[in-house]
Amino acid sequence: TPVPLDGYTDKVFYVWFDAPIGYISITMNLTDDWKQWWMPDNQDQQIDLVQFMGKDNIPFHSVIFPSTLLGTSKPWTMVHHLATTEYLNYEDGKFSKSRGIGVFGNDARSTGIPVEVWRYYL
């Protein structure tokens, strides 16, 4: 469903409601110790969640993602810093989940390439 606001009808809202679930679930699929990053037992433990994204995702990651987590009333790790660029690029164009352009978590993991390489490349 397009966002019903002039100038934003090319944006789609539904994706951003389920995105936090995806971020957390990919960690759950990676390790049984996922809570040490997302919901640590020791609330004094400092976890700095840094997200890297293209500029068009700033409102979603700075408002909607934290709001969704806060709405659960659980002690989730919150975004500490957003690092943005003009757009995240892949080969000849910008990342696009809807068009299937880019490297996604399940694809990156299945290559066996170390995470440090992906961080540098992206």
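Calculation notes
- Think of each chain on its own: its residues are numbered from 1, step by step along the sequence as written.
- With the structure being a predicted model, the display of local features is reserved for residues of pLDDT at least 70 and the display and counting of side-chain atom pairs for 80 or more, all residues being used for whole-chain, interface and lining totals.
- With hydrogens and water set aside, each side-chain value is computed from the structure's full complement of heavy atoms.
- The secondary structure listing takes helices from DSSP runs of H or I that are at least 4 residues long and strands from runs of E that are at least 2 residues long, numbered from the N terminus.
- When a residue's accessible area, from a 1.4 Å probe over protein chains only, is under 20% of the maximum for its type it is buried; when over 50% it is exposed; and in between it is partly exposed.
- Residues count as neighbours in contact if any of their non-hydrogen atoms are within 4.5 Å of one another.
- In short, Shrake-Rupley with a 1.4 Å probe defines the accessible areas, and a residue's cover is counted only from the protein chains shown.
- For this analysis, a nonpolar core means a set of buried residues of the types Ala, Val, Leu, Ile, Met, Phe, Trp, Tyr and Cys, connected via side-chain atoms within 4.5 Å.
- By convention, a stacked pair of Phe, Tyr or Trp rings (six-membered ring in the case of Trp) has centres within 6.5 Å and planes under 30 degrees apart, an edge-to-face pair has planes over 60 apart, and any other such pair is tilted.
- The rule for pairing is simple: two strands pair if DSSP sees at least two bridges between them.
- Every helix has an expected span of 1.5 Å times one less than the residues it contains.
- Note on bend: at a given residue it equals the angle between the axes fitted to the 7 residues ending there and to the 7 starting there.
- Each residue carries a pLDDT score, the predictor's confidence in it, ranging from 0 to 100.
- Polar contacts here mean pairs of N or O atoms no more than 3.5 Å apart (in protein, one a potential hydrogen donor and the other a potential acceptor; neighbouring residues in sequence count only if both atoms are side-chain atoms).

**Thoughts on the overall build of the chain**
Then step 1. For the chain, the count of helices and strands is 5 helices and 4 strands.
Then step 2. Order of helices (α) and strands (β) in the chain, N terminus to C terminus: α-α-β-α-β-β-β-α-α.
Then step 3. With 122 residues in all, the chain has 23% of them scored as buried.
Then step 4. Contacts in the chain between residues at least 24 apart in sequence constitute 54% of all its contacts with a sequence separation of at least 6.
Then step 5. About 9,200 Å² of surface is accessible on the chain, with carbon and sulfur atoms providing 56% of the total.

**Focus: the nonpolar core**
Then step 1. Formed by I24, W34, W38, M39, L49, F65, L69 and W76, the largest nonpolar core amounts to 8 residues.
Then step 2. Setting aside residues up to four positions removed in sequence, W76 forms contacts with I24, W34, W38, M39 and L69.

**Let's talk about unusual backbone geometry**
Then step 1. The backbone of S73 sits at a positive phi, close to 60 degrees, despite the residue not being glycine.
Then step 2. When you line up the elements, S73 lands in the loop between α3 (58-70) and β2 (79-85).
Then step 3. What makes S73 exposed here is its relative accessible area of 67%.

**Comments concerning the packing of aromatic side chains**
Then step 1. Using the criterion set out here, one finds 3 aromatic pairs in the structure.
Then step 2. Taking 5.3 Å as the distance between ring centres and 75 degrees as the angle between the ring planes, the aromatic pair formed by Y23 and F65 counts as edge-to-face. Of the two residues, Y23 is situated in helix α1 (residues 14-30) and F65 in helix α3; the sequence distance between them amounts to 42 residues.
Then step 3. Consider the rings of W38 and F65, whose centres lie 6.4 Å apart with planes at 70 degrees: the pair is edge-to-face.

**Here we look at the pairing of β2**
Then step 1. For strand β1 (residues 49-54) and β2, the ladder comprises 6 bridges, and the chain directions are parallel. Note on β2: the bridge partner recorded for F52 is A83.

**Some points on α3**
Then step 1. Between the first and last C-alpha of α3 there are 18 Å, a value that for 13 residues agrees with the 18 Å anticipated at 1.5 Å per step.
Then step 2. Taken as a whole, α3 carries its principal kink of about 25 degrees at I64; the proline P66 stands between one and four residues after it.

**Thoughts on the confidence of the model for the chain**
Then step 1. Mean pLDDT over the chain works out to 80, with 88% of the residues at or above the 70 mark.
Then step 2. Summarising per-element confidence for the chain, the mean pLDDT is lowest in strand β3 (residues 89-90) (70) and highest in helix α2 (residues 35-38) (91).

**Comments concerning the side chain of T77**
Then step 1. Examined against the element boundaries, T77 turns out to sit in the loop between α3 and β2.
Then step 2. Residue T77 is classed as buried on the basis of its relative accessible area, which comes to 9%.
Then step 3. A distance of 2.5 Å separates a polar side-chain atom of T77 from the backbone oxygen of W37.
Then step 4. With near-sequence residues (within four places) excluded, T77 lies in contact with W37, W38, M39, P40, I47, L49 and L69.

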